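# Tertiary structure, described
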Amino acid sequence: MKVTVIGLGYVGSVAAAGLAAAGHDVVGVDIDRARVKAFTAGRVPIYEPDLGKIVAEGMASRHLLFRHADEFVGSAGDVVLVATGTPPTPTGAADLDQVRAAIAWVKTAQPRGCVIAVKSTVPPGTGRRLKETLLRHNSFQYVSNPEFLREGQAVHDWFHPDRIVIGGSAPAAVEAVRSLYSGIKAPVVVTDTSSAEMIKYAANAFLATRISLINEIAALCDRLGASIDDVVSGIGLDPRIGRHFLRAGVGYGGSCFPKDVRAFDQLALNNAYSFELLRAVITVNNRQRLLPIYALRERFASLSNLDVAVLGASFKPNTDDVRESPALDAVPLLVDEGARVRIYDPVAGEQARTRLPGSVEITGTLVECVRGTQAILLLTEWSEFLEADWEGLANLVAEPRFLFDGRNALDPSKMLTLGYEYCGIGRGNHRLTGALATPRAAVP
Ligand code: UGA
């Protein structure tokens with residue numbers, strides 16, 4: 001099938017290469033010249049494991065090519081996938097300008113009509129409204145086809161999805177989209193456009209809620225001397241609960257959860273409904289993101305002239321994406337309080353530059369980052385940090401070797417043995433000092 005994918009970001013580039021791998025003839029289109037040029041030269045401008053490989057294979061087999069939107073010629077094909085961004089507006093609602101612009105572009109490029117399948121995350125009701133406005137009186141069929149790719153594992157997720165969701169009212173259009181995925185084994189949920197759009201928001205809201213709930217429980221573990229690891233093991237064995245998305249830490253970040261949860265909240269308000277649970281999820285997450293600074297303030301009388309190493313800049317491992325990264329939130333506050341901050345990330349250091357105060361040093365290695373510092377904040381659980389020689393590093397770090405593990409990624413007992421003052425989240429038993437962790441008073 002001939003397919004055009006509009007938007008070569010984290011979703012569109014994986015979709016384009018994944019569809020080409022399945023034998024479809026795919027054109028990836030973007031309005032960013034540098035991005036199109038990079039893909040055309042076989043250089044993938046984002047860090048996403050295995051994406052470079054499938055892009056190269058797609059181009060070699062001639063099933064995949066890239067074009068700037070202004071230079072597109074010929075037919076856009078049977079199905080056009082829209083994978084443009086939906087950034088937040090000042091209220092937090094999703095900004096649909098890029099989606100509308102993509103649809104306007106399709107109407108010009110493909111005047112005879114085609115199926116327009118929207119992968120961009122758009123608020124429930126968007127498809128219905130677009131059908132009544134932009135797509136009224138013409139031969140375009142609108143289908144909602146949300147994606148559930150995780151950054152860092154997006155290529156794997158493309159070929160092994162948990163489900164494929166297709167929302168639309170025209171059976172032929174739904175079938176056209178379904179046939180794009182004919183080589184993939186996964187349950188297919190066919191529904192109306194609003195329900196498909198709601199599935200996407202509900203999934204992200206549900207996962208974000210799990211994270212904030214476990215972070216609330218971790219806060220109580222710290223106060224009552226319980227271990228969040230054991231609590232998660234204990235509740236996770238209940239198949240109704242499971243273990244997924246119950247990792248306590250410095251909160252969720254990235255380009256999806258924070259934006260989508262806020263947009264969902266705003267959508268509720270726009271529809272005269274106050275989504276109280278979701279508001280609490282947002283509040284808890286905002287607090288979690290500042291735990292590193294709370295922990296340092298509690299441990300050190302003053303942060304002035306304290307040398308601090310921040311390990312991690314990306315919002316999670318295996319991506320260079322620093323959008324809404326919890327790893328970066330505490331840094332400006334630390335700098336304001338007089339700390340000298342160094343940061344190291346295996347891939348995302350430079351991407352973080354514009355989000356960091358100018359005085360922050362971005363180092364090229366883990367060793368350079370921690371050498372001579374008194375405090376380490378581990379904020380992204382890259383395997384390089386998990387597998388590091390923490391014994392050797394201990395010789396480079398100055399007293400008191402305060403180690404804040406914002407992702408509960410290290411073994412507390414081992415770190416204590418190596419001479420670090422270890423502080424995790426909800427690992428109250430393993431916290432040496434401080435009121436955040438120590439059981440405060442007898443609580444009935
Ligand atoms: C998320 C969803 O998992 C995807 O299904 C969805 O397609 C995507 O958003 C999207 O809407 O496009 P992603 O943002 O790549 O994917 O990242 P996740 O792996 O879900 O992690 C999000 C954040 O939650 C990260 O900051 C991560 O560190 C944090 N997290 C995750 C926790 O704090 N605890 C957990 O137990 C799990």
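This text follows the structure it describes.
What counts, and at which threshold
- Residues numbered from 1 in each chain as written.
- Predicted model: local features only at pLDDT ≥ 70, side-chain atom pairs only at ≥ 80, totals over all residues.
- Heavy atoms only, no water.
- Helix = DSSP H or I, 4+ residues; strand = E, 2+ residues; numbered from the N terminus.
- Rg over C-alpha atoms; globule rule 2.2 N^0.38 Å.
- Contact = heavy atoms within 4.5 Å.
- Areas by Shrake-Rupley, 256 points an atom, 1.4 Å probe, with all protein chains shown as cover.
- Near = heavy atom within 4 Å.
- Polar contact = N/O pair within 3.5 Å; in protein donor to acceptor, adjacent residues only side chain to side chain.
- Disulfide = S-S within 2.5 Å.
- Buried < 20%, exposed > 50% of the residue type's maximum accessible area, 1.4 Å probe, protein only.
- Axes fitted to C-alpha atoms, helices over the stretch in contact; angles between N-to-C directions.
- Parallel < 35°, antiparallel > 145°, perpendicular 65-115°, else oblique.
- Left-handed = near helix turned anticlockwise from the far one by under 90°.
- Nonpolar A, V, L, I, M, F, W, Y, C, P; charged D, E, K, R; others polar.
- Arc of directions from axis to C-beta.

Counting its secondary structure elements, the protein chain contains 18 helices and 14 strands. Computed over the C-alpha atoms, the radius of gyration of the protein chain is 24 Å, within 12% of the 22 Å expected from 2.2 N^0.38 for a compact globule of 444 residues. In terms of principal-axis extent, the alpha carbons of the protein chain reach across some 70 × 50 × 40 Å. Long-range contacts, defined here as pairs at least 24 residues apart, represent 72% of the contacts in the protein chain between residues at least 6 apart. For the protein chain, the accessible surface area stands at approximately 19,300 Å², while carbon and sulfur atoms represent 55% of it.

Let's shift gears to the environment of Val 335. Checked against the element boundaries, Val 335 lands in helix α13 (residues 326–336). Once the C-alpha coordinates of Val 335 and Asn 305 are considered, the two residues, 30 residues apart in sequence, prove to be 9.5 Å apart. Apart from residues lying up to four places away in sequence, Val 335 is in contact with Val 341, Pro 357, Ser 359 and Val 360.

Here we come to the site of the ligand. The environment of the ligand is formed by 20 residues, the closest being Glu 151, Lys 200, Asn 204, Arg 247 and Cys 256. Here an oxygen atom of the ligand and a side-chain polar atom of Asn 204 are 2.8 Å apart. Contact distances for the ligand include 2.9 Å between an oxygen atom and a backbone N or O atom of Gly 253. For the ligand, whose accessible area on its own is 720 Å², the fraction buried by protein is 95%. Elements represented by at least two residues in the shell around the ligand include exactly α8 (193–224) and α10 (257–270).

Here we come to the state of the cysteines. The final tally for this structure, using the stated rule, is 0 disulfides. Between Cys 369, a cysteine without a disulfide, and Cys 423, which holds the nearest cysteine sulfur, the sulfur-to-sulfur distance is 18 Å. Using a relative accessible area of 0% as the deciding quantity, one classes Cys 369 as buried.

Here we come to the packing of α8 against helix α11 (residues 276–288). It is at 9 Å that the axes of α8 and α11 come closest, and there the two elements cross at 55°. One element, α8, and the other, α11, form an angle in the oblique class. For the pair α8 and α11, the crossing hand works out as left-handed. Between α8, through Ala 205, Ala 208, Thr 209, Ser 212, Asn 215, Glu 216 and Ala 219, and α11, the contact on the second element is made entirely by Leu 277, Leu 278, Val 281, Val 284, Asn 285, Arg 287 and Gln 288. By residue class, the composition of the contact of α8 with α11 is 7 nonpolar, 5 polar and 2 charged.

With that settled, consider helix α3 (residues 51–60). All of the buried residues along α3 are Leu 51, Ile 54, Val 55 and Gly 58. Looking straight down α3, one finds that the buried residues subtend no more than 105° of arc, so they occupy a single side. With respect to the buried face of α3, the exposed residues turned more than 90 degrees away are Lys 53 and Ala 60. Contacts from the buried residues of α3 go to α1 (12–21), α2 (33–40), β3 (64–68) and α6 (154–159). Positive backbone phi, approximately 65°, marks Arg 62, located one or two places after α3.

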